[in-house]
Amino acid sequence: MSFEAVIGLEIHIQLNTQTKTFCSCSTSFGDKPNSHTCPVCLGLPGALPVFNEQALNKGIMAGLALKCEVAEFSIFARKNYFYPDLPKSYQISQYESPLNKGGYVLINDDEGKKRKVGITRAHLEEDAGKLIHDENPKGPSFVDFNRCGVPLLEIVTEPDIRTPDEAYRFLQAIKEMMQYTEVSECNMEKGELRVDVNISMRNFGDQGFGVKQEIKNMNSFANVKRALEYEVKRQTKILRSGQKLIQQTRLFDVSKSATVPMRMKEEAHDYRYFPDPDLVPVTLTHDQIERIQNSLPELPQNKRERLKKQYNLTDYDVEVLCSSHKLANYFEAAANGYKSPKKIANWILSELIRVLNERRIEIDDCKVTPTKLRDLFDLMDSKVISGKIAKAVFDDMVESGQSASEIVEKKGLKQVTDRAEIVKVIVETIEENEKVVRDYRDGKKKVFGFLVGKVMQKTHGKASPKLVNEILREKLES
Amino acid sequence: MGLNECTLVELTEKLRIGEITTSDIIRDIESAITQDEGNKYPLNAYTSFDIESIEKEIKSQNKKEDTLLKGVPIAIKDIINVMDTPTTCGSGILKDYISPYDATAIKNLRKNGGVPAGKLNMDEFAMGSSNENSYFGVVRNPHDRKKIPGGSSGGAAAAVSANLAVAALASDTGGSIRQPASMCGIFGIKPTYGRVSRFGLIAYASSFDQIGPITNTVMDGAILLDAVSGYDPKDSTSANEKVPCFRDFVGKGLGGLRIGIPEEYFGEGLNSEVRDIVERGIKILSEANASVKRIALKYTRYAIACYYIIATAEASSNLARFDGIRYGTRFVDTEDLETLYRENRNIGFGDEVKRRILLGTFALSSGYYDAYYLKAQRARTLIREDFKEAFREVDIIVTPVSPIAAWDIGELIDDPLQMYLSDVYTVPVNLAGLPAASVPCGKTKDRLPVGVQLIADHFNEADIFRVARIIEEGEKGAE
Amino acid sequence: MKIDKKTIQWVADLANLSLGEEEELEMEKQLLAILDYMDILSELDLEGVEPTSHTLGYKNVTREDRVGESFEINEVKKIAPKWERGHFVVPRVV
């Protein structure tokens, strides 16, 4: 008997705002613990929440990108439970009337066919604080409330995903979308994207659902995939042996590359959701939603198709270029109006990505702007420098931030195109390499390259390769 | 006559001409408090009255000449946050809590030259109608010290009535300003929900809570309400509406206002002495040529059930934050989280608070949400509509505040339901978010004060001040 | 509505209150009476009646996304019942 996995995801994405959801404390990451706190986010008696308009805008944009129906009426509810990282002992979230409902994301399945993954809902809520535990296992825990109240979008999918690879691709697609729309930076190291998964197994062809396992709080797509792969194996084995699964909440243990049951107290769970009386409903008109729809930036899938067509690129080119909207935008800025955009794409895919990786920097931090890259290409096209020199100039540009022409000028890298000067060097080279010249004239034509190399050496690579070839051949044949 | 016995109007004038200073008033208040403490049954109106911190407040006061209050000290119910001052809410769980911020109402008060001076005793978390539920002990009624002063703002009403404060800021969730004002024979008004910012008012039931003044005169009430009202961007439920100058309406006459008398408020359960006093109030108005009309508020009998479900539901969530983790007193520090939560909440909260938390938790729990919470929210709509309809025909609705005058301390403490039922005339107002005041209107044969309740439509506090002044004058004339 | 000992315990658990046995009995008795009284609402025909959460019906109250004032760490430290190394200290949770 063969089984298939039924997978659904819950993704928490930090919305890209300056301030928290309900107070004006900064969302900035990595600062002194508890330094971004106020009566509201510490849940002090008497403090009241006021909703951040930017969190709303980002939430709507996310919903539209996910092809959801954006609600014309939504409300905040209180989700009541006790935990030390939750100052009010309730989380402000959306329950009955979420901001976004019923969307989908298109992904490729494992055969490369397009498939829809349904989005049940995408609602707004506030994050909790961060718990840190004493090194001593008997020691206490510590709470930092800087993250507490930061706006999140919780995306809940339908159980439409069938394999760990699909889950991985789906997450990639979500991340790209959120970055393209600038809803979130999705910086995984900062915990800006966290994933819970639900997975159960069933017989192929069945419509029902098996016993669900939940794996909580993963912040790497690779780990999500590994955890799911592990679960598929584990559950299949149990089912094959005729045993029954029990519904569980598990955690992914990176060091063991395995999921382990989460230790949880047997406690009553009843969140007692009710509309938060401190907050008022959010209503949107059809026009407002449409305006935001119209201002939505191009989404990854559309961008890939357009760039491919417009600039005559390969699937591979657009796949890599569009993995980040910033890279894609960089490409367009540099390639726009240029005669052979493919050359620019190649340069970005090889040279630019190389330096970004070497230097571990983001495209935003790269000193070579698209305009500066275009200048470099112009120097190559007008034969002021050769392609080889151009690579060295590019590295210099990345380092110094200077323009290509400044560097060429300063370092005297201008290609030598003065015929007389090149003739002089070639004559010298012929004199110094009598034996080789004789070999050439005796028919050993392949030593030509050696002589070209000698000439280039003498000119420190600056001689125009085209002219060197032409003149050298002329002199040798004569 | 001590300065503590003066009205706000008198004090601001004395301060204006430089005849006295704020410290002079404080001195007289302090000696009145000291004198009261010598009584066999002290009123116990304050949770804290710290001269040192009041002196600090005086130093930092807004000394601009054109302020409304010109440095008058105002006592504050201990449910409102005053920066660097104990803010206990009458609870053990906050007994050592020093607030790190000012409520917006306090900011407004300071801006208008008021000086927060002393924190007033109250029922724990404003839960109670008798002020017997305070961690800091029972408050007594200055008119008869064996009687309750009313609640939950019992400390505020007792202090103002006995001149241990010249005026007070309090809060009203289901009658907590009006009922003690009635029982202590002074003026108290709960403005329209949203009129005064709730930012910094410790929440009992968020959709009902509202700050308002308790004062010796109607004019004082108008002045103090003028000082604290207004839209606050820090409170999402704050009303972005124009605030009229309320003191301008005191003494302006009836101006053709129509008075409505709802029969449901005069039925079974209303003490006959109280009824006589309220009817006297109505007579004063008709003698002032008001048109008086019988009206119906047919859903009144459902108000108590509706109110106690919603209020306790909201309270169960609002009070969940008191867990000994971030602030307040950690009575017990254990290595087990659950024990820490439970022990601290168990020790920190009094019986009435626990009872309401349990009731509210139940009303919200799965399986009972629809039958209790949701049903009450629907019933609330009917009660609100009831008033809306009534205000098509009349401008002010006149009713009793409480079905009985102040009762004996201890009399109802073991019968919470009976205690709840005594709120029958005040809670409908909070359910509908309306403004309402209690104006002294006479005394029972046992010399216990009784107030009359004036209810207006949303944001029509000005009408209440017009009518209240007429009753105040008429009542004085009768004495 | 019939509320029994089990319900009281369950509700007390949810609210993180630990009641003594005597207290539990007393609460059961009182809540039973109160909930009995609440049944008065069953007389109402509430079919199609919208619930009221806010009496004034305000909507769309938001604020600008601009950073404002936060506490100084010392102010936070002052209110914490237990504080160490810049953090609130709580019993170990894992």
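Everything numeric in this text was worked out from a predicted model, so none of it was measured.

**Examining the overall build of chain A**
In terms of helices and strands, chain A carries 15 helices and 17 strands. For 478 residues, the compact-globule estimate of 2.2 N^0.38 gives 23 Å, and the C-alpha radius of gyration of chain A, at 30 Å, exceeds that figure by more than 25%. Considered along the principal axes of its C-alpha atoms, chain A spans approximately 95 × 55 × 55 Å. For chain A, buried positions account for 54% of its 478 residues. A fraction of 70% describes how many contacts in chain A between residues 6 or more apart in sequence connect residues 24 or more apart. Roughly 22,300 Å² of accessible area belongs to chain A as shown, and the carbon and sulfur atoms make up 50% of that amount.

**Considerations on the interface of chain C and chain B**
Counting from both sides, the interface comprises 50 residues of chain C and, opposite them, 69 residues of chain B. Together chain C and chain B conceal approximately 5,300 Å² of surface at their shared face, both sides included; 67% is due to carbon and sulfur atoms. Its salt-bridge partner being Asp-13 of chain C, residue Arg-342 of chain B comes within 2.9 Å of it at the nearest N-O pair. The tally of links from chain C across to chain B stands at 18 residue pairs in polar contact (both at pLDDT 80 or more). When residues of the side of chain C that touches chain B are traced back to their parent elements, those giving at least two are helix H1 (5–14), helix H2 (21–38) and strand E3 (87–90) of chain C. With nine residues, H2 of chain C is the single largest residue contributor to the side of chain C that touches chain B.

**A few points about the sheet that holds strand E9 (residues 396–400) of chain B**
All names here are of chain B. As summarised here, the arrangement of the eleven strands in space is E1-E3-E2-E4-E6-E5-E10-E11-E9-E7-E8, forming an open sheet in which the pairing is mixed. The open sheet terminates on both sides in strands that have one partner only, identified here as strand E1 (46–48) and strand E8 (291–295). Going from strand to strand, the sheet's axes swing by 35 degrees on average, the running direction of each strand aside. Examined bridge by bridge, strand E4 (residues 167–172) and strand E6 (residues 210–215) share six bridges and lie antiparallel to one another. What sits directly across from Asp-172, in E6, is Gln-210.

**Some details on the interface of chain B and chain A**
How big an interface is tends to be stated in terms of the accessible area lost upon association of its parts. Each partner contributes residues to the interface: chain B has 39 residues there, and chain A has 32 residues. Where chain B abuts chain A, roughly 2,900 Å² becomes buried across the two surfaces, and 57% of that area is made up of carbon and sulfur atoms. Counting the surface chain B buries against chain A, the share from its top three residues, Ser-236, Arg-321 and Arg-326 of chain B, is 22%. The tally of links between chain B and chain A comes to one salt bridge. Across the salt bridge formed by Asp-278 of chain A and Arg-198 of chain B, the nearest N and O atoms sit 3.0 Å from each other. On the surface where chain B and chain A come into contact, there are 19 residue pairs in polar contact (both at pLDDT 80 or more).

**A few points about the environment of Lys-175 of chain A**
Residue and element names in this part refer to chain A. With respect to the helices and strands, Lys-175 occurs in helix H2 (residues 164–180). Given the relative accessible area of 21%, Lys-175 is considered partly exposed. Put simply, Lys-175 and Glu-185 are ten residues apart on the chain and 8.4 Å apart in space, counted from C-alpha to C-alpha. The residues contacting Lys-175, other than those within four sequence positions of it, are Cys-186, Met-188, Leu-193 and Phe-221.

**Topic: unusual backbone geometry**
Cis geometry is found at the peptide bond from Gly-151 of chain B to Ser-152 of chain B, where omega equals 5 degrees. Of note in the backbone geometry, Lys-67 of chain A takes a positive phi value of approximately 60 degrees without being a glycine. With respect to the helices and strands, the residue Lys-67 of chain A is situated in the loop between helix H1 (53–65) and strand E3 (69–70). If you check the backbone angles, Asn-60 of chain C has positive phi at about 50 degrees while not being a glycine. Mapping Asn-60 of chain C onto the fold places it in the loop between H2 and strand E1 (62–63). Residue Asn-60 of chain C is classed as partly exposed on the basis of its relative accessible area, which comes to 38%.

**Details of the sheet that holds strand E13 (residues 213–218) of chain A**
Strands belonging to one sheet form pairs held by backbone hydrogen bonds; the direction of such a pair is parallel or antiparallel. Residue and element names in this part refer to chain A. The strand order across the open sheet built from nine strands is E3-E7-E8-E11-E1-E12-E13-E14-E15, with neighbouring strands paired in mixed fashion. Whereas interior strands pair on both sides, the edge strands pair on one side only; in this sheet they are E3 and strand E15 (258–261). With eight bridges joining them, strand E7 (residues 100–108) and strand E8 (residues 114–126) adopt antiparallel strand pairing. In the strand pairing of E8, Val-105 is matched with Val-117. Across the sheet, helix H3 (residues 221–240) lies against strand E1 (3–14), strand E12 (193–203), E13, strand E14 (248–253) and E15, angled at about 25 degrees from E12, the strand it touches most.

**Some remarks on the packing of H1 of chain A against helix H4 (residues 286–295) of chain A**
Residues and elements named next belong to chain A. For the pair H1 and H4, the least separation of the axes is 10 Å and the interaxial angle reads 70 degrees. Here H1 lies roughly perpendicular to H4, going by the angle between them. On H4, the residues touching Asn-57, Ile-60, Met-61 and Leu-64 of H1 are Ile-289, Ile-292 and Gln-293. Looking at the contact of H1 with H4, its residues break down into five nonpolar, two polar and no charged.

**Re the domain arrangement of chain A**
Residue and element names in this part refer to chain A. What the domain assignment reports for chain A is domain 1 (3–288), domain 2 (293–411) and domain 3 (419–477). Each of domain 1 and domain 2 has a C-alpha centre, and the two are 36 Å apart. Counting residues at the interface gives eleven residues for domain 1 and 14 residues for domain 2. When the two sides are added together, the surface that domain 1 and domain 2 hide from each other amounts to roughly 1,100 Å², 63% of it contributed by carbon and sulfur. Considering only the surface of domain 1 that becomes buried against domain 2, Leu-64, Glu-176 and Tyr-180 emerge as the three largest contributors, covering 58% of it. Between the two partners, domain 1 and domain 2, sit one salt bridge. Here Arg-304 makes a salt bridge to Glu-176, at a shortest N to O gap of 3.1 Å. Per-element tally for the side of domain 1 that touches domain 2: the top contributor is H2, with four residues. Considering only residue class, the side of domain 1 that touches domain 2 consists of five nonpolar, two polar and four charged.

**A closer look at the packing of helix H9 (residues 303–318) of chain B against helix H12 (residues 370–393) of chain B**
Residues and elements named next belong to chain B. One way to put it is that H9 packs onto H12 with a least axis distance of 9 Å and a crossing angle of 125 degrees. Judged by the angle between their axes, H9 and H12 are oblique. In the crossing of H9 with H12, the sense of the turn from one axis to the other is left-handed. Here Ala-303, Cys-306, Ile-309, Ile-310 and Ala-313 of H9 lie close against H12, whose contacting residues are Tyr-372, Tyr-373, Ala-376, Gln-377, Ala-379, Arg-380 and Ile-383.

**Remarks on the pattern of salt bridges**
For the structure shown, the criterion picks out 71 salt bridges over all chains. When the shortest N-O distance is used, the salt bridge between Glu-23 of chain C and Lys-354 of chain B registers 2.9 Å. Of this pair, Glu-23 of chain C sits in helix H2 while Lys-354 of chain B sits in helix H11 (residues 351–364), which puts the two residues in different chains. According to the relative accessible area criterion, Lys-354 of chain B is buried, its value standing at 4%. Shared partners join several salt bridges into a network, and the residues in it are Arg-78, Asp-276 and Asp-278 of chain A together with Arg-198 and Asp-235 of chain B.

**Quick notes on the packing of aromatic side chains**
Considering all chains together, one arrives at 34 aromatic pairs over all chains under this definition. Relative to Phe-377 of chain A, the ring of Trp-347 of chain A lies with its centre 5.6 Å away and its plane at 75 degrees, an arrangement referred to as edge-to-face. Taken together, the positions of Trp-347 of chain A in helix H8 (residues 341–359) and Phe-377 of chain A in helix H9 (residues 370–381) put the pair 30 residues apart, joining distant regions of the chain. Here Trp-347 of chain A and Phe-377 of chain A have matching classes, each one buried. Among the aromatic residues, those joined into a ring-pair cluster are Tyr-97, Phe-125, Phe-322, Tyr-327 and Phe-349 of chain B. Above the face of the Tyr-168 of chain A ring, Lys-225 of chain A is positioned so that its terminal group lies 5.8 Å from the ring centre. The lysine or arginine in question, Lys-445 of chain A, covers the ring of Tyr-440 of chain A, its NZ or CZ lying 4.4 Å from the ring centre.

Basis of the calculations
Numbers given to residues run from 1 along each chain, matching the order in which its sequence is written. Whichever chain is written first is A, and whichever ligand is written first is 1; the rest continue in order. Confidence filtering applies because this is a predicted model: local features only for residues at pLDDT of at least 70, side-chain atom pairs given and counted only at 80 or more, and all residues used for totals across whole chains, interfaces and linings. Each side-chain value is worked out from all heavy atoms of the structure, with water and hydrogens disregarded. By definition, any uninterrupted DSSP run of H or I lasting at least four residues is a helix, any uninterrupted run of E lasting at least two residues is a strand, and each is numbered from the N terminus. We compute the radius of gyration from the C-alpha atoms alone; for a globule the expected value is 2.2 Å times N to the 0.38, where N is the number of residues. Think of it in three bands: with a 1.4 Å probe and only protein chains considered, a residue is buried below 20% of the maximum accessible area for its type, exposed above 50%, and partly exposed in between. A contact between two residues is defined here by any heavy atoms of the two lying within 4.5 Å. Note on areas: these come from Shrake-Rupley sampling with a 1.4 Å probe, and a residue is covered only by the protein chains present in the view. In short, buried area is how much 1.4 Å probe accessible area vanishes from two parts on joining, totalled over both. In what follows, salt bridge is the name for a side-chain nitrogen of Lys or Arg lying within 4 Å of a carboxyl oxygen of Asp or Glu. Under this definition, polar contacts are N or O atom pairs within 3.5 Å; protein pairs additionally need one hydrogen-donor-capable and one acceptor-capable atom, and for neighbouring residues in sequence, both atoms have to be side-chain atoms. In this analysis, strands are considered paired if DSSP registers two or more bridges between them. Here the axes come from fitting lines to C-alpha atoms, over the contacting stretch only for helices, and the angles between their N-to-C directions go from 0 to 180 degrees. For this classification, under 35 degrees means roughly parallel, over 145 means roughly antiparallel, 65 to 115 means roughly perpendicular, and everything else is oblique. Under the grouping applied here, Gly and all other residues not named as nonpolar or charged are polar, the nonpolar ones being Ala, Val, Leu, Ile, Met, Phe, Trp, Tyr, Cys and Pro and the charged ones Asp, Glu, Lys and Arg. Domain boundaries shown here were taken from an automatic or database domain assignment. Left-handed describes a crossing whose near helix is turned anticlockwise from the far helix through less than a right angle; right-handed describes the clockwise counterpart. Pairing of aromatic rings covers Phe, Tyr and Trp, the last through its six-membered ring, and needs centres within 6.5 Å; plane angles under 30 degrees mean stacked, over 60 mean edge-to-face, and all others mean tilted. Lysine NZ or arginine CZ positioned within 6 Å of the ring centre and within 35 degrees of the ring normal marks a charge as sitting over the ring.

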